[in-house]
Amino acid sequence: MGVFKTFGVSVLLGIVAALFQYFVVYERWKNVRSLDRNDFARNPNWKVYQDSEIKTVYYEVDKLGEVLKEWQHGEFILYRLKESEKAKYNFDPVKELKSDVVARKLDLGCKNTEASKFSTMLTNCLFDMKFQNGKEEIIPAPMLLTEEGSGYSASFANFTNKDTVSNLWNLLKVPFSPRGKAVSFEQAFISNLKQPRITAPFHANPLTDSVAIQYQGSKTWLFLPPPTYVSMMKSTFAGSALFPKRSPNLEDKPEVYIYTSQPGDVLFFPESWGHTVYTYPGANVMFNFRQMYSGNFLHQPVIWVSAVIEHLIGVKGNDWTQKDEDIRKIQKIVPQKGENVRVQEMYKSMCGEEQKHKTDFDKQMLDLIRKEVERVTGSPFQEIQS
Ligand SMILES: [Fe+2]
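In this text, all values refer to a predicted model and were calculated from it rather than measured experimentally.

1. Here we look at the overall build of the protein
(1) Moving on: When you go through the protein residue by residue, the secondary structure sums to ten helices and 16 strands.
(2) Moving on: Every one of the 386 residues in the protein was classed for burial, and the buried ones make up 39%.
(3) Moving on: In the protein, once contacts between residues fewer than 6 apart in sequence are set aside, the share between residues at least 24 apart is 82%.

Next up, the structure:
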């Protein structure tokens, strides 16, 4: 009898999930497929917070545990090495990254694809769904950071050696761990770019808190807090991420935080904070741990349920063009996923190589990145040429 009852409940839950998916997710997406530049054409006054205005706690090498004793849930807070300690910080990729990763050598020429070369809204080679530009390869992570790995990048990478994940966390020497809880994820972002580029267009994770740890190199991030990203920009979900549908209204008071990471930086940011990331050339190792909190569900229940359902059944739309079983086993993030296709369709009319295709919102954000990069590097900013 019990078996039938369980079976009945499962069937019922399945039907509810399917109806929710159909009426909430697909109906919602019908209305947002045709965005264009006008949706991002308003120019409100942005309240800009510089890197130095982010709440920061300074620490000494190997003594982060003295100031960071637990996961910073719901906080946007940076833990940074004291200026006098920076010279003592050392990260040895050969010792710490004993693992293979799936990496890709990107050809910024974006052959045979529609591309947006430099944008906070659109990924390079946006329509490169069939991996025409650079094949994925499995390579040792430390090699990626040497001369031999020049031009390679591994995003949302999973390590083949799972010990590497705990090793990286243990380097922090803090008295807690994000692992072992019901749901936690980790992803590595390892790159050795020849030219700088925006490695992630604006997106947000509505489900989890994150901590971004910069072990080597540097990245410039723009962060949009939820009142700006979710409310004013009407971000909508696709899979487990949120993407903006319009720029804030003229009477709105949107906020943006500029953050440039340094080796040793540990930055916590809460769920639904929109962000875009610019990666500097050369060896770069960033690691992201995520932690799910049940309270996050109450903030945005519809998005939460949708993201979970899409995560579970989102394999629909997968069209593996690269049949390498070994790569498939290691790397679970799939560019051809149905939800990614929807996002790309949503932004399609804004994608192009010419300046005129860029939205005003994008131009404003790029301008902030440009000024920050000039401040950090001390030299004029050069937009990617090819
Ligand atoms: Fe992200």
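2. What to know about unusual backbone geometry
(1) Moving on: Positive phi outside glycine occurs at Lys173, with the angle close to 55°.
(2) Moving on: Mapped onto the elements of the fold, Lys173 is located in the loop between helix 4 (163-170) and strand 7 (184-193).
(3) Moving on: The class for Lys173 is partly exposed, based on 13 C-beta atoms found within 10 Å.
(4) Moving on: Of note in the backbone geometry, Ser272 takes a positive phi value of approximately 65° without being a glycine.
(5) Moving on: Summarising the element assignment, Ser272 is placed in the loop between strand 14 (266-269) and strand 15 (274-279).

3. Considerations on the environment of Phe76
(1) Moving on: Within the secondary structure, Phe76 is located in the loop between strand 2 (56-59) and strand 3 (77-81).
(2) Moving on: Among the residues examined, Phe76 registers 17 C-beta atoms within 10 Å and is labelled partly exposed.
(3) Moving on: Phe76 has contacts with Lys55, Phe268, Phe269, Pro270 and Trp273, leaving out every residue within four places of it along the chain.

4. Concerning the sheet that holds strand 15
(1) Moving on: The strand order across the open sheet formed by five strands is 1-13-10-15-8, and the pairing between neighbours is mixed. Each end of this open sheet is capped by a strand with a single partner; those strands are strand 1 (47-49) and strand 8 (197-203). Along the sheet, successive strands turn relative to each other by an average axial angle of 15°, direction set aside.
(2) Moving on: Two strands pair when backbone bridges link them, and strand 8 and strand 15 are joined in this way by four bridges, in the antiparallel orientation. Within strand 15, the residue paired with His203 across the bridge is His275.

5. Regarding the nonpolar core
(1) Moving on: Formed by 75 residues in total, the largest nonpolar core has its most connected members in Val101, Leu144, Ala154, Ala188, Ile190, Phe223 and Leu267.
(2) Moving on: Each residue touching Ala154, except ones within four places of it in the same chain, is listed here: Val101, Val102, Ala103, Leu144, Ala188 and Ile190.

6. A look at helix 1 (residues 2-30)
(1) Moving on: In this model, helix 1 (29 residues) spans 41 Å end to end at C-alpha, consistent with the 42 Å of a helix rising 1.5 Å per residue.
(2) Moving on: Of all the bends in helix 1, the greatest measures close to 25° and is centred on Gln21.

7. Looking at the pairing of strand 15
(1) Moving on: Of all six residues in strand 15, six are buried, a share of seventy percent or more.
(2) Moving on: Residues of strand 15 alternate between two faces, with Gly274, Thr276 and Tyr278 on one and His275, Val277 and Thr279 on the opposite face, all of them buried.
(3) Moving on: Pairing of strand 10 (residues 219-224) with strand 15, which is carried by six bridges, proceeds in the antiparallel orientation. Its bridge partner being in strand 15, Leu224 is matched across the sheet by Gly274.

8. Details of the environment of Pro225
(1) Moving on: Examined against the element boundaries, Pro225 turns out to sit in the loop between strand 10 and helix 5 (226-232).
(2) Moving on: By the C-beta count within 10 Å, which is 19 here, Pro225 ends up partly exposed.
(3) Moving on: Discounting chain neighbours no more than four positions away, the residues touching Pro225 are Glu255 and Trp273.

Quick notes on the rules
- Residues numbered from 1 in each chain as written.
- Predicted model: local features only at pLDDT ≥ 70, side-chain atom pairs only at ≥ 80, totals over all residues.
- Helix = DSSP H or I, 4+ residues; strand = E, 2+ residues; numbered from the N terminus.
- Buried ≥ 20, exposed ≤ 12 C-beta atoms within 10 Å, placed from the backbone.
- Contact = placed C-beta atoms within 7 Å.
- Pairing = 2+ DSSP bridges.
- Axes fitted to C-alpha atoms, helices over the stretch in contact; angles between N-to-C directions.
- Core = buried A, V, L, I, M, F, W, Y, C linked by C-beta atoms within 7 Å.
- Expected span 1.5 Å × (residues − 1).
- Bend = angle between axes of the 7 residues up to and from the residue.

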